[in-house]
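# A look at the structure
Below, each chain spelled out in residue letters.
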Amino acid sequence: MSAYIKGLVVRAAGTAPAVEELRLPEVGPGQVRVGIRAAGVCHSDLSMVNGTLSPPHPLVLGHEAAGEVLEAGAGVTRVRPGTHVALNWSPACRECWFCTHGEPWLCAAANVAALENGSTLDGAPVHVTLGLGAFAEQVVVPEKAVIAVPDELSWENAALLGCAVLTGTGAVRNTARVAAGDTVVVIGLGGVGLSVVAAARAAGAAAVIAVDLTEAKKALAEAAGATDFVVSSDNLSKDIRSRTQRLGADHAFECVGRASTIRAAWRATRRGGQVTVVGMGRSDDMVELSALDIFSSARTLRASVYGSADPDVEVPALAQDVLSGALRLDHLITDRITLAEVPAAFDRMARGEGARSVVVF
Ligand code: APR
Ligand code: ZN
């Protein structure tokens, strides 16, 4: 039987998100209904409402979440009612070119910014962010979009594993392959950047230089394991050089999603260094690099989408790391909020305050 639930909806471009009553579709074959217990507020959700992206409307926000399977449709084998799960916003089809060539994070069938999944608002179809729309009491999703996690893992930690932590950790381990002794710069210290800091330190980086706009992020950076904290300025590359034997860093991670910070990351690295773009920016925000600079600096510029990871493998592994104490996420959660308080959390995020706000249900 289809259920009525509350969810956070943007009705039209430029309007404020509001809690609305939604009707969920029946659970079809291969689908599951999940009762959401925790959902993190990620910058990508803010990008859906502030004009960075132009998604279709009406739109249910949210994609970083965990919950309990309430109902499993015919043929579902991965989970059953009662299973604790983290949601996966890029479930791999396992059949396309990318999936069969070891790059499931680029799956051609996944990664749709927003789609209709049968949920309705006032009787009309709504779109759900990244196929999930997880700022809602319940969601109906394909079983491949859920990953079983241990019951002992907190809902909040499970939620963060599904986006910020996998994205940040994967960028370090899989995309950039930071090695012991490397020097690392991380620009932008939200949930994603702080996860990069922690993973770089865990990988044995000799220095992790964390960069943000204000001193307010210093304590968070240090809690995540940064060795240095720098307030971003026009002198950033000089500042980084003075901390890296005048060379520049081996690695820079851009965790903001702007051309200017990609440029800053480029200048922060040494000759032959690697720039990893983790932030998602606008389609009209252009990065200018000279042809000579690209050649003679011999740097590598690459993007990391969803941590270049297979979430089905890495989320359970990260969950074990949390349970063993090897990975600490507590410092990432700075606010626990209700669904109705998400717009205020967006405002804090736009001001660069705190790390993750998590909706608890
Ligand atoms: N220099 C340094 N730091 C900056 C700058 C800048 N010019 N501009 C913004 N920041 C900082 C903010 O102060 C904030 O601390 O970047 C941080 C971004 O954090 P969040 O807004 O919490 O974003 P997060 O959810 O971590 O996502 C970061 O990754 O997945 C993408 O879409 C996501 O582009 C976003 C990025
Ligand atoms: Zn996200």
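Residues numbered from 1 in each chain as written. Chains lettered and ligands numbered in written order. Predicted model: local features only at pLDDT ≥ 70, side-chain atom pairs only at ≥ 80, totals over all residues. Heavy atoms only, no water.

## Some thoughts on the coordination of the zinc ion (ligand 2)
Within the protein, Cys 42 (SG), His 63 (NE2) and Cys 163 (SG) serve as the donor atoms for the zinc ion (ligand 2), at 2.0 to 2.3 Å. Positions of the donor residues of the zinc ion (ligand 2), expressed as sequence spacing, correspond to C-x20-H-x99-C. Residue Cys 42 is found in the loop between β3 (31–40) and α1 (43–49), and its partner His 63 is found in the loop between β4 (59–60) and β5 (64–72); the two are separated by 21 residues along the sequence. Here Cys 42 matches His 63 in class, with each residue buried. (Donors = N, O, S within 2.8 Å, 3.2 Å for Na, K, Ca; no water. Helix = DSSP H or I, 4+ residues; strand = E, 2+ residues; numbered from the N terminus. Buried < 20%, exposed > 50% of the residue type's maximum accessible area, 1.4 Å probe, protein only.)

## Observations concerning the site of ligand 1
Near ligand 1 you find 22 residues, and of these His 43, Ser 44, Asp 212, Met 280 and Arg 356 are the closest. Notes on ligand 1: free accessible area 730 Å², of which the protein chains cover 91%. Of all the elements in the fold, those that place two or more residues in the shell around ligand 1 are α1 and α3 (191–202). Taken together, the residues of the shell around ligand 1 break down into 10 nonpolar, nine polar and three charged. (Near = heavy atom within 4 Å. Areas by Shrake-Rupley, 256 points an atom, 1.4 Å probe, with all protein chains shown as cover. Nonpolar A, V, L, I, M, F, W, Y, C, P; charged D, E, K, R; others polar.)

## Examining the sheet that holds strand β14 (residues 249–254)
Pairing in this open sheet of six strands is parallel, and the strands run β13-β12-β11-β14-β15-β16 from one edge to the other. Here the strands that pair on one side only, and so sit at the sheet edges, are β13 (228–231) and β16 (300–303). Across the sheet, the axes of successive neighbouring strands diverge by a mean angle of 20 degrees, strand direction being ignored. In this structure, strand β15 (residues 269–277) lies alongside β16, joined through four bridges in parallel fashion. Directly across from Thr 276, in β16, lies its bridge partner Arg 302. Against the sheet, helix α6 (residues 259–268) contacts β11 (183–187), β14, β15 and β16, and its axis sits at roughly 150 degrees relative to β15. (Pairing = 2+ DSSP bridges. Axes fitted to C-alpha atoms, helices over the stretch in contact; angles between N-to-C directions. Contact = heavy atoms within 4.5 Å.)

## Let's talk about the packing of aromatic side chains
For any pair of aromatic rings, the description rests on two quantities: the centre-to-centre distance and the angle between the ring planes. Inspection of the entire model under this criterion finds two aromatic pairs. An angle of 10 degrees between the planes, with centres 3.8 Å apart, marks the rings of Trp 89 and Tyr 306 as stacked. Here Trp 89 is found in the loop between β6 (84–87) and β7 (114–121), whereas its partner Tyr 306 is found in the loop between β16 and α8 (311–324), with 217 residues between them in sequence. Summarising the burial analysis for this pair, Trp 89 and Tyr 306 share the class buried. Their ring planes at 80 degrees and their centres at 5.3 Å tell us that Trp 97 and Phe 98 sit as a pair that is edge-to-face. Overall, Trp 97 belongs to the exposed group, its relative accessible area being 53%. Exposure remark for Phe 98: the relative accessible area of 28% places this residue in the partly exposed category. (Phe/Tyr/Trp six-rings, centres within 6.5 Å; stacked < 30°, edge-to-face > 60°.)

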